Amino acid sequence: MTIEELKSKFAGKCIVKEGPGGLPVIAVCNGAASAEICLMGAHLMSYVPNGRGEVLWMSSQSSFEVGKAIRGGIPVCWPWFSKNPMFEDAPMHGLARISMWDLVDVFSTEKQTIVKLALNAVPGYEQFWNYKFALEYTITVGATLTLSLKTTNKDDRPMRITQALHTYFNVGDITRVQVEGLDGCPYLNKVGDGGTGVRQGNRIIDCEVDEVYQEVKRTLVVRDGSIPRTILVNNFNSNSAVVWNPWIAKSQRMTDFPDDGYKTMVCVESGNVIEDARDIQPGESHELLAVITVK
Ligand code: BG6
């Protein structure tokens, strides 16, 4: 659907506009919060609960093109997280974040807006993912942000997915950030030679961090000593989470990431990753749910 067609179909329900790179972006605003979603990738680019400032970090150097990942916000990594286990040339973090989604509907009450998005095919990428599927993404924008990513297997074979809602949180000063809720969780360290470990205490970000946690059971808390704001992430149907900050050298290497970008962001990703992969039988569904609250 063109931007003009979207505008007339959803008139009165949300604002449809031409975003960066000419991509369709929808803006919603209610008595509790506002948000912006790019239909390329179903990518939440902004979430502002009233009086609490921008919760999501966006790169000032992101590309905005169909087929290229947007840097920042909340990329939807699906149906695989990280590298594809079978195809070396498959896009990193799957196909959902680089595909154009359908806007299904938008419902609003005074303090909540529900945006329903769908992806039912991945044209051009069938060599990497040839299952029949329905992917429904429901974003509820209010005093809290609720993200539901539901995969239904429409095929006659079981499918295995890994996935993540790869949230980039905006922080005031990374040297004063702690990620809480991972104490005692085993993790895979993806930096350097890697290895595994068990987190003791909170994760302070003082170097490149790329850790995939398993057995995550508690609320994840992003505590930011430099601004009076604490972010809570509650995940459901998920036992895994990823903490990522590229730090200095990797920020410099990434062309779509400002050199000093690492100072004001941390990714705390809600996932079904590695051992937490999910097998979905024909006709069945799996819903990954993340609830983000700002205190
Ligand atoms: C994280 C991965 O989830 O995403 C990292 O664990 C990766 O290894 C990071 O570098 C960013 O990925 P991308 O594809 O958006 O550059």
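This report concerns the structure included in the present document. Small disclaimer: the values here were computed from a predicted structure and weren't measured.

This part covers the overall build of the protein. Helices and strands together make up the secondary structure of the protein, namely two helices and 23 strands. The C-alpha radius of gyration of the protein comes to 18 Å, within 12% of the 19 Å expected for a compact globule of 295 residues. Seen through its principal axes, the protein has C-alpha atoms that stretch 50 × 45 × 35 Å. Expressed as a percentage of the 295 residues in the protein, the buried residues total 41%. Counted over contacts in the protein with a minimum sequence separation of 6, partners at least 24 positions apart contribute 63%.

Turning our eyes to something else, we now look at the nonpolar core. Residues Ile37, Leu56, Phe169, Val266 and Val268 are the most contacted members of the largest nonpolar core, which totals 81 residues. Broken down by element, the residue count for this core peaks at five residues, all from strand S8 (residues 133–141). In this view, phenylalanine 169 contacts Val55, Leu56, Trp57, Val222, Ile231, Met265, Val266 and Val268; residues no more than four positions away in its chain are not counted.

Moving on to the site of the ligand. As a structural note, the neighbourhood of the ligand is formed by Ala69, Ser82, Met92, His93, His166, Lys190, Asp210, Val242, Trp244 and Glu269. A per-class count over the shell around the ligand returns four nonpolar, three polar and three charged.

For the rest of this paragraph, the subject is the environment of glycine 41. Structurally, the position occupied by glycine 41 is in the loop between strand S3 (33–38) and strand S4 (43–49). Through-space distance from the C-alpha of glycine 41 to that of methionine 100 is 5.9 Å; in sequence the pair is 59 residues apart. Dropping the residues within four chain positions of it, glycine 41 is found in contact with Ile70, Pro75, Val76, Ala96, Arg97 and Ile98.

The next subject is the sheet that holds S8. Hydrogen bonds between backbone atoms are what pair the strands of a sheet, whose relative direction is either parallel or antiparallel. On the basis of which strands lie adjacent, the open sheet formed by nine strands has the order S6-S7-S8-S9-S23-S19-S18-S13-S16 and antiparallel pairing. Taken across any chain shown, the strands that pair with only one partner, and hence form the sheet edges, are strand S6 (102–109) and strand S16 (203–204).

Quick look at the pairing of strand S20 (residues 240–245) now. Most of S20 sits inside the fold, with six of its six residues counted as buried. Where burial is concerned, the two faces of S20 agree: the one with Ser240, Val242 and Trp244 and the one with Ala241, Val243 and Asn245 are both buried. Sheet topology note: the S20/strand S21 (residues 265–272) ladder contains five bridges and is antiparallel. In the sheet register, valine 243 faces S21, and the bridge partner there is valine 268.

Cut-off values and rules
Residues numbered from 1 in each chain as written. Predicted model: local features only at pLDDT ≥ 70, side-chain atom pairs only at ≥ 80, totals over all residues. Helix = DSSP H or I, 4+ residues; strand = E, 2+ residues; numbered from the N terminus. Rg over C-alpha atoms; globule rule 2.2 N^0.38 Å. Buried ≥ 20, exposed ≤ 12 C-beta atoms within 10 Å, placed from the backbone. Contact = placed C-beta atoms within 7 Å. Core = buried A, V, L, I, M, F, W, Y, C linked by C-beta atoms within 7 Å. Near = placed C-beta within 6 Å. Nonpolar A, V, L, I, M, F, W, Y, C, P; charged D, E, K, R; others polar. Pairing = 2+ DSSP bridges.

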